[in-house]
Amino acid sequence: MDKFSFKDVLVTFAGLFITTLVAWVLITSTGNNPSEVAKYLYEGGFKGTRNIANSLYQATPLILTATATLISFRVGMFNIGINGSMYVGALYAGWAGYKFTNLGHLSHVTLCILIGMTVGALWMLLPALLRVYAGVSEIISTIILNFVAVLFVSYMANGPFRADPIAPATARILETAELKQIFPNSQFNTGFFIAVIVAILAHFVLNKTTFGYELRSGGDGLVGVYPSRFSSYLGIPSDRSAIIGMLISGALGGLAGAIEVLGAVRYFFQELEFNQGFDGILIGILGKLEPIGAIIASLFYGAIKNGGFFVDYKTDVAREIIIVLISILIFFVSAQKIVKGLEKYPIVKKLDSFFSRKKM
Amino acid sequence: MEWIEIFDISLLRSLLRSTAPIAIVGMAAAICSAAGVLNIGLEGKMLNAAFAGVAASYYTESMWAGLAAGIIAGIVTAVLFGLLSFTLGADEVLAGLAINIFSLAGTTYLMRTLFGQAGFFSDPKIVGVEPIYFTFLEGTFLEPFLSGFTYSVYLMFFIAAGLHILYYRTRLGTAIRATGENPEAAEDAGINTVRIKWLVTVFSGLLAAISGLFLSLENLTMFTEGMSAGKGYIGLVASSFGNATPLGTFGASAFFGLGDAIGIRLQGVYELDSRLILMIPYALTVVVLILIGIRQRLKVRPVAIPES
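Now for a quick tour of the structure. Here the structure is a predicted model, which is why all the values come from computation and not from measurement.

Overview of the overall build of chain A
- What chain A contains, in helices and strands, is 16 helices and zero strands.
- Sorting the 360 residues of chain A into buried and exposed places 54% on the buried side.

So, in structure tokens, the structure goes:
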């Protein structure tokens, strides 16, 4: 994929403008007041310490799932199953959170996170192997595994891991396994910093190291195309990088789930619902498949998501409108020909080269 | 009750009912695969059609309005997919995924905002599709096999047969298969491959709409959030297992239908956890994917899902 360029920014803003128009139509046609919705959206997202903290809390898993998405896309694998990894990661991190006693705070948290990540990675092993060794589309297998994951964790919370006789839930995690919540009345927790550090690390590994280059050589610039022959001519095992990329991607999904349980919910229950794995795909694309872009897009998405909850609470407009609007935005961003069409205009070209020069 | 006793007439009837939505959307996937279009967006088309059907049926209290609205919704979604993938140059997989996420959120949004319902929307004003009874079969041994299904169950046989003829007996079918197998050669032979891709996409929208309407207006008369529950994807796997041929896809779908039907029956017989029963179709899908993998390793048949 190309680096950020001026025309991408232009398309994103044009998309945002049209998306806003669509939002206006959607809100008015269902009998609500758009300016009121906009006001609550802003207040819920950005006004006051608590809302900002909650927006950052919403962004936390998104940063990880978006990074997971972009890593898999950039090794040439379409991993749509990050949501599944998130579920199983959350379940087993929660399990480790109450199962292991007599551990110190740091060691217990680390153990829980590692277990969540391992389980999340293992969840991706079958699709990766099927893709690389048998040519079975990983797109379908990972999507189907999402459905399996939801039912599996719900079965586990109801059966083997159930601790509460009334509600289908596991035991609460021990205090030593908690990621600390910093602000009162907010689920914002130290997991946010883990997520940001992981994304920055991903940026350096992908873009600045040989290992990252080997990983990318399978799919970079070829999003939508499977591990190319090109990399094997260079002597880089693209099969291996495809599998490793999938496992890293799954591990980050598991980490996102682990942070949700260790930092916010503190136990696993049947109704716990994740869709950040799917949001992460949208955000990864919005961020042009770059980890830094993913952080920025996640912060933006987290804020409007939190604002969306406030809108849902205050008005008759359901919070799903946010996802509707973001997917419309994705329609624009993914439409390559709009981006290419802009190159015709000399002013765009000039600004483009200006900005890319500045980057160097 | 012995386990063998679950294999009876009602299992067969349940099998046909479970097969219908998967087979119809599976054939939509098959015709797309045959033309080299990887149509992940079928799931979204089903959902939009299912919702539009219920909403229109609720407002007009007419079954026909519901069916028409559902089919229009399916085709409009298909046109959106075509616009993004063929006209605006978006990646097919990304376009399909974005459409699925858009449709899931969009139908949920509309349901909550228009009807104020969360989870599911059911109302006596929604007119569903009644089963068809053949009076001339009454009393004959064929009655339990053939009578009393809704139209989609009958339709799926005609779709399979019709597509089979289209594939192997018409110029259009040859053009579709040529587009999928070797687009450059097809272009050289004077086939407008973009037009073929548009055609199969719109047609797949129609089929996906029928499948979605089966869920919301025939099998049930209600809409639930995400009610397609992966059937669009299972249809893709069925088409892959069936090598993207109509009859192969139909057979693979019947296999999924059988798993579904046995699950439903087992639930009545044994006290199994409902989640494990619900997992059956997806677990079966994973098994089928592994089988496809083994077949591809053995190189019995060529790869069926096009590598976009």
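From this point on, the discussion continues.
Side note on the overall build of chain B
- Counting its regular elements, chain B contains 12 helices and two strands.
- In chain B, the succession of helices and strands from N to C terminus is α-α-α-α-β-α-α-α-α-α-β-α-α-α.
- Rg of the C-alpha trace for chain B: 20 Å, near the compact-globule value of 19 Å for 308 residues, within the 12% margin.
- Seen through its C-alpha atoms, chain B measures out along the principal axes to roughly 60 × 45 × 40 Å.
- Within chain B, buried positions represent 56% of all 308 residues.
- At a minimum sequence separation of 6, the contacts of chain B that also span at least 24 residues come to 74%.

Structural notes on the packing of helix α1 (residues 6–29) of chain A against helix α14 (residues 321–334) of chain A
Residues and elements named next belong to chain A.
- At their nearest, the axes of α1 and α14 sit 9 Å apart, and the two run at 140° to each other. Crossing angle aside, the handedness with which α1 passes α14 is right-handed. Every residue of α14 that contacts α1 at V11, T12, A14, G15, L16, I18, T19, V22, A23 and L26 is listed here: I321, L325, I328, L329, F332 and V333.
- Taken together, the residues of the contact of α1 with α14 sort by class into 13 nonpolar, three polar and no charged.

As for helix α7 (residues 138–158) of chain A
- The first and last C-alpha atoms of α7 of chain A sit 30 Å apart over 21 residues, in line with the 30 Å expected at 1.5 Å per residue.
- Of all 21 residues that make up α7 of chain A, 19 are buried, and the element is covered over most of its length.

Quick look at helix α2 (residues 34–46) of chain A
Residues and elements named next belong to chain A.
- Taking 1.5 Å of rise per residue, the 13 residues of α2 would be expected to cover 18 Å, and the 18 Å separating its terminal C-alpha atoms lies within 8% of that figure.
- Among the residues making up α2, those that are buried are V37, Y40, L41, G44 and G45. Burial along α2 is one-sided: seen end-on, the buried residues are contained in an arc of 125°.
- Phi for G48, located one or two positions after α2, is positive at around 85°.

Overview of the packing of helix α12 (residues 276–286) of chain A against helix α13 (residues 291–314) of chain A
Residue and element names in this part refer to chain A.
- Relative to each other, α12 and α13 sit at 125°, their axes nearing to 8 Å. As summarised for this structure, α12 and α13 are arranged oblique, according to the angle between their axes. By crossing handedness, the relation of α12 to α13 is classed as right-handed. Facing α12, whose interface residues are D279, I283, G284 and L286, α13 presents A294, A297, S298 and Y301.
- Grouping the amino acids of the contact of α12 with α13 by side-chain chemistry returns five nonpolar, two polar and one charged.

Quick look at the interface of chain A and chain B
- In this assembly, 43 residues from chain A lie in contact with 44 residues from chain B.
- Put simply, the parts of the chain that give the side of chain A that touches chain B at least two residues each are α6 (125–134), α7, α12, α14 and α15 (336–342) of chain A.
- Of the residues forming the side of chain A that touches chain B, the biggest block, 11 residues, is contributed by α7 of chain A.
- In the side of chain A that touches chain B, the residues fall into 29 nonpolar, 11 polar and three charged.

Some words on unusual backbone geometry
- Not every positive phi belongs to a glycine, and K288 of chain A is a case in point at roughly 55°.
- Looking at the secondary structure, you find K288 of chain A in the loop between α12 and α13.
- For K288 of chain A, a count of 19 C-beta atoms within 10 Å translates into the label partly exposed.
- In this model, A229 of chain B sits at a positive phi of 45°, which is unusual for a non-glycine residue.
- Given 19 C-beta atoms within a 10 Å radius, A229 of chain B is considered partly exposed.

Side note on the environment of A178 of chain B
All names here are of chain B.
- Of note, A178 is situated in helix α7 (residues 171–181).
- It is 29 Å that separates the C-alpha atoms of A178 and A73, two residues lying 105 residues apart in sequence.
- Excluding anything up to four places from it in sequence, A178 contacts A185, A186, A189 and I191.

Focus: the environment of A171 of chain A
All names here are of chain A.
- Mapped onto the elements, A171 comes out in the loop between α7 and α8 (191–208).
- Between the C-alpha atoms of A171 and Q187, which are 16 residues apart in sequence, the distance is 19 Å.
- The residues touching A171, leaving out its near neighbours within four places in the chain, are Y98, A163 and Y267.

About the cut-offs
Residues numbered from 1 in each chain as written. Chains lettered and ligands numbered in written order. Predicted model: local features only at pLDDT ≥ 70, side-chain atom pairs only at ≥ 80, totals over all residues. Helix = DSSP H or I, 4+ residues; strand = E, 2+ residues; numbered from the N terminus. Buried ≥ 20, exposed ≤ 12 C-beta atoms within 10 Å, placed from the backbone. Rg over C-alpha atoms; globule rule 2.2 N^0.38 Å. Contact = placed C-beta atoms within 7 Å. Axes fitted to C-alpha atoms, helices over the stretch in contact; angles between N-to-C directions. Left-handed = near helix turned anticlockwise from the far one by under 90°. Nonpolar A, V, L, I, M, F, W, Y, C, P; charged D, E, K, R; others polar. Expected span 1.5 Å × (residues − 1). Arc of directions from axis to C-beta. Parallel < 35°, antiparallel > 145°, perpendicular 65-115°, else oblique.

By themselves, these are just geometric observations and shouldn't be taken as functional.
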